[in-house]
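# Inside the fold
Here's the letter readout for the chains.
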Amino acid sequence: MFLITSGVFVFLGVIWIMFKIATVFSYWKNKNVYTGKPQFPFGNSKNVVLQKLPLGFDVTELYTEIRSRSEKYGGYYNFMTPVFVPTDLDLIKTILISNSDSFINRVSANLLHSRGDQWKRMRLKIAPFFTNLKIKQFLPVMLRKTDELIRLMEDTPNPLNVKEVLDRYTIDLIGLYTSSVDLETMKNKDSELERQLGNFFNKSIVDTLFRFLITIPKVVRYLKIMTFNKEVTKFFMLLLDDIVHARNRSKLETTVVLDVLTQKTFNGGEYFTRSEIVGNLATLLLAGYETTSNALTFGLYELAYNMELQEKLRIETSTLETSLEPFSLLDKFLIDAQFSETLRKYPLTTINTRECTETFRIPNSNIILGKGSQIYIPLRGIHWDPEYYPNPERFDPERFSEENSRGRHPCASLPFGAGPRRCIGDKLGMMNMKITIASLLKSYRFRLHPKTRSPLDYDAKAFLLQPKDGVFLNVEKIR
Ligand code: HEM
């Protein structure tokens, strides 16, 4: 009797599982929304989870299919969770900008996960530290660090592994910007800090799987998953103590982000908890350093690939004394276009995510996104769309000349995102990149070393877009 009852239960269980498998991917089909070919249990994310494709490249493929069907949106499955993928630029503008109140959160897949009121409170507090004035006050420090980078390059034998050196440089820069403390990563190769930050971004398949799973709200709720793992949290907690002590000893008069985070309220209490301070400092460091370093790496690769362009840029920037008139760099066409095109061709976050915070009907359709629905903005798909950028694989800063940019949709270029959750460090990032390149071009000529593969392959293990086997350059001193 027991055997028969167990057999019936197993049989019903199998039927239930088969029914679930058969119906799980019917969500988009029932709404008549195109969705590619989802596979159990991965949905559309199999190739990325198994690290056959870099993060977001599956969404780029879906984008191309949706566009070839002349549709304005499509559907994706992150495992079994349906995700809405808008491809029409007006619709993207509606989500990111015009109706941003309904999409104020990001899907908690990554480090930039603070939500709702917690996000607003933090953003309001730290936004004043990312203005042109603050960046201007930081320039002497930035230039001092650039000199250190130039010396470090001189002491490093050819071929130079560009990203390795630039990672250390940008960690120090962002550390100084946010807390006025020199983390001295440039002086100490293979420091513990560099290792911890590297651990965070470069992942095994298990980590990639985990990264996907934490975007599924039920998994987060049931397992109470933390976005930072224990080792990283412990490391940053200890680092914070060191940074606060060092900051108290430093003589810098300008206030920095750390000061406002550790500030007391009028009645002596704390504005932010210790874990909020650690979380936000770590977030700024993580969000700021590798983005800038990867963008510089891709930018230098393109300049070494195209020596004529490198020479033109050298001429444009050599007429400027960066230490006296660094802001005039902002008005120079070529250097500006150089980075707009770098971030067009190599958008470091290949997708941007949003979560619906209140029910929203997609205009002119019967699609209703419920609270909690997930959205992927297909950044790389847009940047590689031949309708907006003919021959997208070609690197051509002229695309961003005044004439060629005229009439281009504002959402056709989204390297820093858009709307209230746009990158807070966009101006700082751009200024860092321009000052760095202008200074480097004055001292060095960069040539591709045969170790560097062209065209570049991308690292499927990385969280941000980055070259697979590094970029190796021969660095020649100019004077
Ligand atoms: C080349 C450099 C950079 C690129 C390409 C970049 C790109 C991005 C992107 C695409 C987002 C998401 C925007 C959205 O969802 O709409 C973002 C958010 C963010 N970035 Fe950057 N970023 C760069 C540099 C920096 C720097 C230097 C910092 C600070 C030191 C920084 C701090 C942040 C923060 C805190 C957020 C979250 C903003 C929020 O949620 O309110 N980024 N960044």
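Before any of the text, the structure's been laid out above.
Bear in mind the structure is a predicted one, so any value in this text is a computation, not a measurement. For every chain, the first residue of the written sequence is number 1, and numbering continues from 1 onward in sequence order. This being a predicted model, a pLDDT of at least 70 is required before a residue's local features are given, and a value of 80 or more before pairs of side-chain atoms are given or counted; all residues contribute to the totals for chains, interfaces and linings. To obtain the side-chain values, all non-hydrogen atoms of the structure were used and water was disregarded.

Numbering of helices and strands starts at the N terminus; helices are DSSP runs of H or I of at least 4 residues and strands are runs of E of at least 2. Check the secondary structure of the chain and you find 19 helices and nine strands. By residue count, 54% of the 479 residues in the chain fall in the buried class. In this description, contact between two residues means that some pair of their heavy atoms is separated by no more than 4.5 Å. Taking as baseline every contact in the chain between residues at least 6 positions apart, the subset at least 24 positions apart corresponds to 75%. Calculation of accessible area relied on Shrake-Rupley with a 1.4 Å probe; when residues are assessed, cover is drawn exclusively from the protein chains displayed. About 22,800 Å² of surface is accessible on the chain, with carbon and sulfur atoms providing 56% of the total. Any residue under 20% of the maximum accessible area for its type is buried, any over 50% is exposed, and the rest in between are partly exposed; the area is computed with a 1.4 Å probe on protein chains only.

The next subject is the site of the ligand. One heavy atom within 4 Å of a molecule or strand makes the whole residue count as near it. What surrounds the ligand is a group of 24 residues, the closest being Arg-106, Trp-119, Arg-123, Arg-354 and Cys-423. With respect to the ligand, the side chain of Arg-354 contributes an N or O atom lying 2.8 Å from an oxygen atom. Contacts to the ligand include Ala-418, whose backbone N or O atom sits 3.4 Å from an oxygen atom. Put simply, the parts of the chain that give the shell around the ligand at least two residues each are helix H6 (116-126), helix H14 (274-305) and strand S4 (352-355). Among the elements that line the shell around the ligand, the one with the most residues is H14, at four residues. The residue makeup of the shell around the ligand, split by class, is 13 nonpolar, six polar and five charged. For this analysis, a polar contact is any N or O atom pair within 3.5 Å, provided that within protein one partner can donate a hydrogen and the other can accept it, and provided that sequence-adjacent residues contribute only side-chain to side-chain pairs. The residue classification treats Ala, Val, Leu, Ile, Met, Phe, Trp, Tyr, Cys and Pro as nonpolar and Asp, Glu, Lys and Arg as charged. All others, Gly included, are polar.

On to the coordination of the iron atom of the ligand. Coordination of the iron atom of the ligand by the protein comes from a single atom, Cys-423 (SG), at 2.3 Å. Positionally, Cys-423 belongs in the loop between helix H18 (402-405) and helix H19 (426-443). Sodium, potassium and calcium take a 3.2 Å donor cutoff, other metals 2.8 Å, and in both cases only N, O and S atoms count; water is not among them, so sites may look incomplete.

A few words now on the sheet that holds strand S2 (residues 81-86). Ordered in space as S1-S2-S7-S4, the four strands form an open sheet in which the pairing is mixed. A single partner strand is all that each edge strand has here, and the edge strands are strand S1 (73-78) and S4. Sheet twist, expressed as the mean angle between neighbouring strand axes with direction ignored, is 30°. By this definition, two strands are paired if DSSP reports at least two bridges between them. Pairing geometry for S2 and strand S7 (residues 374-377), over two bridges, is parallel. Counted as the bridge partner of Phe-84 is Ile-375 from S7. Lying on the sheet, helix H4 (residues 57-68) is in contact with S1, S2 and S7; it crosses S1 at an angle near 150°. Whenever a helix is involved, its axis is fitted only over the stretch in contact; in every case the axis is a line through C-alpha atoms, and angles between N-to-C directions fall within 0 to 180 degrees. Of the strands in this sheet, S1, S2, S4 and S7 touch helix H5 (residues 89-98), which is tilted by about 115° from S2.

The next point concerns H14. Helix length check: H14, at 32 residues, gives a terminal C-alpha distance of 47 Å against a target of 46 Å (1.5 Å per residue), a fit within 8%. Where burial is concerned, most of H14 is hidden: 27 out of the 32 residues are buried. Every helix has an expected span of 1.5 Å times one less than the residues it contains.

Let us look at the sheet that holds strand S8 (residues 444-448). The strand order S3-S9-S8 describes an open sheet built from three strands, whose pairing is antiparallel. Of all strands in the sheet, those bounded by a partner on one side alone are strand S3 (160-161) and S8. Each of S8 and strand S9 (472-477) touches H19; the most contacted strand, S8, lies at about 95° to it.

A cluster of nonpolar side chains, namely Ile-4, Val-8, Phe-11, Leu-12 and Ile-15, defines an oily patch on the protein surface of about 500 Å² accessible area. On the secondary structure map, Phe-11 appears in helix H1 (residues 2-24). Nonpolar side chains (Val, Leu, Ile, Met, Phe, Trp, Tyr) within 5 Å and like charges within 9 Å form the patches, drawn only from residues with over 30% relative accessible area and no salt bridge. Salt bridge, as used here, is a side-chain nitrogen of Lys or Arg placed within 4 Å of a carboxyl oxygen of Asp or Glu.

This part takes up the pattern of salt bridges. The full count for this structure, using the stated rule, is 22 salt bridges. Between Glu-311 and Arg-314 there is a salt bridge, and its shortest N-O distance comes to 2.9 Å. Taken together, the residues span about one helical turn, with Glu-311 and Arg-314 both in helix H15 (residues 307-318) at a distance of three residues. When its relative accessible area of 7% is taken as the criterion, Arg-314 is described as buried. A salt bridge links Arg-445 to Glu-311, with the shortest nitrogen-to-oxygen separation between them at 3.5 Å. With Arg-445 in strand S8 and Glu-311 in helix H15, this pair connects stretches of sequence that are 134 residues apart. By relative accessible area, which is 23% here, Arg-445 ends up partly exposed.

Between H14 and H19, the least distance of the axes is 10 Å, while the angle of their chain directions is 40°. It follows that H14 is oblique to H19 by the angle criterion. Crossing handedness for the pair H14 and H19: right-handed. Contact with H14, carried on its side by Thr-292, Ala-295, Leu-296, Leu-300 and Leu-303, involves Gly-429, Asn-432, Met-433, Thr-436, Ile-437 and Leu-440 of H19 and no other residues of that element. Partitioning the contact of H14 with H19 into residue classes produces seven nonpolar, four polar and no charged. An angle counts as roughly parallel when it lies under 35 degrees, as roughly antiparallel when it exceeds 145, as roughly perpendicular when it falls between 65 and 115, and as oblique in every other case. For any helix crossing, the convention is left-handed if the near helix is rotated counterclockwise from the far helix by under a right angle, and right-handed if that rotation is clockwise.

Among buried residues, those of type Ala, Val, Leu, Ile, Met, Phe, Trp, Tyr and Cys that are joined through side-chain atoms within 4.5 Å constitute a nonpolar core. In terms of nonpolar packing, the biggest core is built from 88 residues, with Phe-130, Ile-437 and Phe-446 touching the most fellow members. No other element matches H14, which puts 14 residues into this core. Residues contacting Ile-437, with those up to four places away along its chain left out, are Leu-296, Leu-300, Leu-303, Leu-313, Ile-335 and Phe-339. In terms of nonpolar packing, the next biggest core, distinct from the first, is built from 31 residues, Ile-95, Cys-356, Tyr-389 and Cys-411 among them.

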